[in-house]
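# Breakdown of the fold
One-letter residues, chain by chain:
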Amino acid sequence: MNLSQLYYFRKLAEVKHYTHAAEELFISQPTLSNSISQLEKELGIPLFEREGRKIKLTKYGEEFYDYATQAVNALEKGIALAHEHAGSPTGSIDLGAIYTIQGDYLPALIKGYRDQYGKEAQVNVFQGLTQPLIEDLESNRYELAFTAYVANKPNLTFVPVLTQQLVAVVHRSDKLAWAKELKLAALPARDTIPYPPATPIGAEVAALMKTHGLTASHTYANDEITLGSMVESTPGTVGLALKTIGLSPFRELITKHLPEVDDDFHQVCLTFKTAAYKTRAVENFIEFTRSFEWDSKH
């Protein structure tokens, strides 16, 4: 058994496809197949079994995967630490993020991280919505992601880092714009535009609306920019949205405080795979984010 076999085994176990795994490893498929066959022969157990065009781990393979991954992760962490002590660059951090934190919170966080740890680690930011970001995180496209909390994800860690306020969004010409604050009881007669209920924030808003006897119109908006555009082009409608920079470009819209809703209505988390190998740069970023204090007013 050699280290290459363990790397190949780990990648194949994650990708579950010989051709795709070989491509990501930059080796030929026969090389990968022969290496896995030799490993199985040496161990005396089958590690994989066919499942249509894909493969999956056998019960023996699942047991071996846990130990092999721990061993490879420990070795990679030791190598990264040695490079750090030698003054070598610490590589890059691939970070997925919902777009609503990219105009204020995230730039301040990254600046603070670099001020403390230096600029050796490059932070690559990719934008998306929570569900696709979670899927990409699970498939190892990112090492970290800023998302909403998603239930039933036992392999992921969600670290709460900030909250966002829910507000009502109305057109400047609407009589509701004159109210100091807007109670949800005033909305049943209006077409109300929320987020899609299949999204994490949409489910939170849908539960709130149900509690207060509100029914959404048949129109939904995935993000604040889309929602703002819809309300601006259709005076008389009311949007229920997070108060983020996505609403700032709309000069004809007014946001109204909702007294029945806590200001910390929606939580944003730093999310990562709990058991995945993390470079020192990634670990430093996690720890810095846990302790980072951000003033949303500045």
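The paragraphs below set out a description of the structure included in this document. (Residues numbered from 1 in each chain as written. Predicted model: local features only at pLDDT ≥ 70, side-chain atom pairs only at ≥ 80, totals over all residues. Heavy atoms only, no water.)

Before going further, it helps to spend a moment on the nonpolar core. Counting residues in each nonpolar core, the largest one holds 34 residues, and the members touching the most others are L144, F146 and F285. Every element with two or more residues in this core is listed here: β3 (92–98), α5 (105–117), α6 (130–138), β5 (144–148), β6 (156–164), β11 (266–273) and α9 (280–291). Beyond its immediate sequence surroundings of up to four residues, F285 is in contact with I93, L95, L109, I110, Y113, L144 and F146. Counting 30 residues, the second-largest nonpolar core is a separate cluster that includes L187, M209, M230 and L253. (Core = buried A, V, L, I, M, F, W, Y, C linked by side-chain atoms within 4.5 Å. Buried < 20%, exposed > 50% of the residue type's maximum accessible area, 1.4 Å probe, protein only. Helix = DSSP H or I, 4+ residues; strand = E, 2+ residues; numbered from the N terminus. Contact = heavy atoms within 4.5 Å.)

The buried fraction of β11 amounts to six of the eight residues, a majority that puts the element mostly inside the structure. Of the pairings in the sheet, the one linking β5 to β11 comprises four bridges and is antiparallel in character. Opposite T147, over in β11, you have C269 as the bridge partner. With eight bridges connecting them, β6 and β11 associate as antiparallel partners. Across the sheet, residue Q164 finds its bridge partner in β11, namely H266. (Pairing = 2+ DSSP bridges.)

Further remarks concern the layout of surface pockets. Reported here for the largest pocket is a volume of approximately 1,200 Å³. Taken together, 37 residues make up the lining of the largest pocket; nearest its centre are E14, Y65, N140, K273 and A276. Secondary structure elements with two or more residues in the lining of the largest pocket: α1 (3–15), α2 (18–25), α4 (59–85) and β11. A per-element tally of the lining of the largest pocket places α4 first, with six residues. Among the residues making up the lining of the largest pocket, the classes are represented as twelve nonpolar, ten polar and 15 charged. (1 Å grid on protein atoms, 1.4 Å probe; cavity = no way out; pocket = protein on both sides within 12 Å on 5 of 7 lines; lining within 4 Å. Points joined across faces, edges and corners; volume = space filled by probe spheres on them. Nonpolar A, V, L, I, M, F, W, Y, C, P; charged D, E, K, R; others polar.)

With that settled, the discussion passes to the side chain of R10. Within the fold, R10 resides in helix α1. Excluding residues that lie within four positions of it along the chain, R10 makes contacts with Y65, T69, V72, N73 and E76.

Attention now goes to the sheet that holds β5. The strand order β4-β3-β5-β11-β6 describes an open sheet built from five strands, whose pairing is mixed. Each edge of the open sheet is held by one strand with a lone partner, namely β4 (122–128) and β6. In this sheet, adjacent strand axes meet at a mean angle of 25° when their direction is disregarded. Packed on one face of the sheet, α5 meets β3, β4, β5 and β6 and runs near 165° to β4. (Axes fitted to C-alpha atoms, helices over the stretch in contact; angles between N-to-C directions.)

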